[in-house]
Amino acid sequence: MSALAASPAPRRGSGRITSWHLLLNNRLATGGLVLLGLILLLIVLVPILPLPDPDATAPVNRLQPVLTAGHLLGTDQLGRDILSRLLWGTRVSIAVGFAATLIAAGIGSAIGIIAGYAGGRTDNAMMRGIDMLMAFPYILLALAIVAALGPGLMNALYAIALVNIPFFARNVRGVTLGYAHSEFVDAARLSGKGHLSVILTEVLPNVMPVIVITMSTTAGWMILETAGLSFLGLGAQPPQADLGSMLGEGRAQLFTAPHVSVVPGAMIFLIVISLNVLGDGIRDVLDPRLRSGALARPAPVTEVAPDRTAPANTAEGACLAIEKLETGFRRGKEIIPAVRDVSLHVKPGECLGLIGESGSGKSVTALSVMGLVASPPGVIRNGAVYLGNDDVLSMPETRLIAKRGSRLAYVFQDPLTTLHPMYPVGRQVEEAIAAHQQVRAAERREKAVALLEKVGIPDARERSVHYPHQLSGGQRQRVGIAMALANDPEIIIADEPTTALDVTVQARILELLRDLQREQGMALLFITHDFGIVSEFCDRVAVMKDGEIVETGKTREVLANPQHPYTKRLIACVPELGTGERFLDRVAGLFAGGKAEVAQ
Ligand code: ADP
Ligand code: MG
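Cut-offs and rules
Residues numbered from 1 in each chain as written. Chains lettered and ligands numbered in written order. Predicted model: local features only at pLDDT ≥ 70, side-chain atom pairs only at ≥ 80, totals over all residues. Heavy atoms only, no water. UniProt positions renumbered as here; feature names shortened; annotations may be inferred. Helix = DSSP H or I, 4+ residues; strand = E, 2+ residues; numbered from the N terminus. Rg over C-alpha atoms; globule rule 2.2 N^0.38 Å. Buried < 20%, exposed > 50% of the residue type's maximum accessible area, 1.4 Å probe, protein only. Contact = heavy atoms within 4.5 Å. Core = buried A, V, L, I, M, F, W, Y, C linked by side-chain atoms within 4.5 Å. Domains from an automatic or database assignment. Pairing = 2+ DSSP bridges. Axes fitted to C-alpha atoms, helices over the stretch in contact; angles between N-to-C directions. Near = heavy atom within 4 Å. Polar contact = N/O pair within 3.5 Å; in protein donor to acceptor, adjacent residues only side chain to side chain. Areas by Shrake-Rupley, 256 points an atom, 1.4 Å probe, with all protein chains shown as cover. Buried area = accessible area lost by both parts, 1.4 Å probe. Salt bridge = Lys/Arg side-chain N within 4 Å of Asp/Glu carboxyl O.

The name recorded for the protein chain in an unreviewed UniProt entry is Dipeptide ABC transporter permease and ATP-binding protein, from Rhizobium meliloti. For the record of the protein chain, the UniProt heading Function (unreviewed entry) holds the text "Probably part of a binding-protein-dependent transport system y4tOPQRS for a peptide. Probably responsible for energy coupling to the transport system."

Here we take up the overall build of the protein chain. Within the protein chain, the secondary structure is distributed over 24 helices and eleven strands. Since a compact globule built from 600 residues should have a radius of gyration of about 25 Å, the 33 Å found for the protein chain marks it as more spread out than a globular shape. Dimensions of the protein chain, computed from C-alpha atoms along their principal axes, come out at roughly 100 × 60 × 60 Å. Taking all 600 residues of the protein chain together, the buried fraction comes to 46%. Residue pairs in contact within the protein chain that sit at least 24 positions apart in sequence constitute 69% of those at least 6 positions apart.

Next up on the list: the UniProt feature "transmembrane region" (unreviewed entry) in the protein chain. Mapped onto this numbering, the UniProt entry annotates "transmembrane region" (unreviewed entry) at residues 28-49, 94-117 and 138-161. Along residues 138-161 the backbone is 88% helical and 0% strand, and the end-to-end C-alpha distance reaches 11 Å.

This next bit is on the nonpolar core. Membership of the largest hydrophobic core comes to 46 residues, with the highest contact counts inside it found for V455, V479, I481, L485, F526 and F537. Broken down by element, this core gets its largest block of residues, six residues, from helix 20 (residues 503-520). For this core, the two domains that each supply at least three residues are domain 2 (303-407 + 489-561) and domain 3 (409-488). Contact partners of V455, with chain neighbours within four places excluded, come to R478, I481, A482, L485, L512 and L516. Core analysis: the next-biggest nonpolar cluster, separate from the first, contains 36 residues, I113, A159, F168 and L229 among them.

Let us look at the sheet that holds strand 8 (residues 491-495). The strand order across the open sheet built from six strands is 7-8-9-4-10-11, with neighbouring strands paired in mixed fashion. At either end of the open sheet lies a strand with only one pairing partner, and these are strand 7 (408-411) and strand 11 (548-554). Recorded for the sheet is a direction-independent mean angle of 15 degrees between the axes of neighbouring strands. Pairing of strand 10 (residues 540-545) with strand 11 involves six bridges; the strand directions are antiparallel.

Close to ligand 1 lie F329, A338, E357, S358, G359, S360, G361, K362, S363, V364 and P377, which account for all nearby residues. Note that an oxygen atom of ligand 1 is positioned 2.9 Å from one of the backbone N or O atoms of K362. Protein contact buries 61% of the 560 Å² of open area that ligand 1 shows by itself. It is helix 13 (residues 362-369) that provides the largest number of residues to the shell around ligand 1, a total of three residues.

It is common to report an interface's size as the accessible area lost on association of the parts. Structurally, the protein chain comprises domain 1 (24-47 + 82-290), domain 2 (303-407 + 489-561) and domain 3 (409-488). Between domain 2 and domain 3, the C-alpha centre-to-centre distance is 24 Å. In this complex, domain 2 contributes 32 residues to the contact, which on the side of domain 3 involves 17 residues. Roughly 2000 Å² of surface becomes buried between domain 2 and domain 3 when both sides are summed, with 64% attributable to carbon and sulfur atoms. The interface formed by domain 2 and domain 3 contains zero salt bridges. Where domain 2 meets domain 3, there are ten residue pairs in polar contact (both at pLDDT 80 or more). Going through the elements one at a time, helix 13, helix 14 (397-403), strand 8 and helix 20 are the ones with two or more residues in the side of domain 2 that touches domain 3. With eight residues, the single largest contributor to the side of domain 2 that touches domain 3 is helix 20.

Pasting the structure below:
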């Protein structure tokens, strides 16, 4: 309770600190940031560093090797100091690369937003123009532009900015399309905002992350392109140094004095690689879903704390036993517990109801059983899970994965999001079979149809080629149940399987689950927030509140004599027909009473 109540506290820190944390958590990105910072610091300080004139030639000192006195990185074919030329040249290359990035981002994003927002003919005309730019090999196009404008650093900059406009325009248009007709933009329009204002205040902030990400990933590329043009003699003109021209000049001495070209080459490599890894890090920071850890490439199995205490299995004959489970979520260095000290067991053929309000930790408990809590940020801190006599949490990863769906299967809440929208439902059931059984394709198809029939889908053979969107909500949930049954599991965990359905369909799905459970002797862990369902459906019930089990026992006994005030409240929440307004009074009254009792 206390930990959950305290959980909003760390959020109070400013958003910037967490962004920094996130960026610095990514070691590669931190490395890139440090490296790039050092390079930037050096080139900013170049004018005041005690360096020789980068353009001063001294033919007597030509091609001095690295670490010569007075010339740390040696000299080139004209006797110029390579270190000085390198730093001045890096300054030029980075300035040109960044300037080109800004120009391309500005123009390209503007085109993308306008095309995506306006749609129709404007979109068509603008995008065909962009397509024409993209149809040329970009380096040829840059060459042609420089040839037309004349060689020189500024012209190389324009050429490179121009050829990169399409990348920004395409990316930004794609994202803008998604936002242009979303409800919040429509709402802004309805409130009387003009187009420009809608674009600037509603659309731009949403596409900004994409622009920044594209910038961070193309900046390195543009520095390379600038170097390429200079290498060909079309960018920086002698005697001015930039990294590309230094490379080009060093080419003639590649074998006699390799350091002349290796040094600028290494610098280009360092800049580009640091920009790229930093770009990756920036992308992670800017995406709020990544920030919450949702898309942070979760590991295949939930992390288990190495120092967890693993209590012994106290439930005799249970097919699933959870002992003192504690699962939490990492936030920075802290782990905020979501469930604590949860102990449950289910015997073969038994139905255990796990009931609690939304956010009480039911799903986290259920997902912890098979190590399905996304990690990061999830961590199993303490406790043990026994499947029969096997300790699940200490199983090797491959064994645990093999048990998912075969010994224990899940039915999830929302069948529309758990079914793959691009495959026919029959094929998805087949996939569930194929995951654990080696059967020939024809046999598998028959099995899938039989399963669909078993869960009561009419005309199962025809229906099996339909896509999820062609089925009703109840039918989709039946498919979900068929997939769970595919490998004759011993236990099914059903996580609010009927919450997304209307009452009549809900009744039929529940009936189906109960019949299947009795018929096959499966154990069922049924998660719900509705005591009405538990009372009709489950042999035993465990009541969960704020991440802890507050009461557990035979359903009939709990119903007749609830001990915990929260259980009383849950029971009172089951409406009876005809009670009308008094129902709310009763719940509210109990709520106040419950509070008083807790306070005592
Ligand atoms: P429910 O009982 O409704 O199924 P959950 O088990 O999904 O509730 O959630 C329990 C608690 O764990 C909630 O306080 C929720 O905020 C927290 N939680 C769930 N998933 C995450 C996550 N990925 N990151 C941080 N906290 C989470
Ligand atoms: Mg849930």
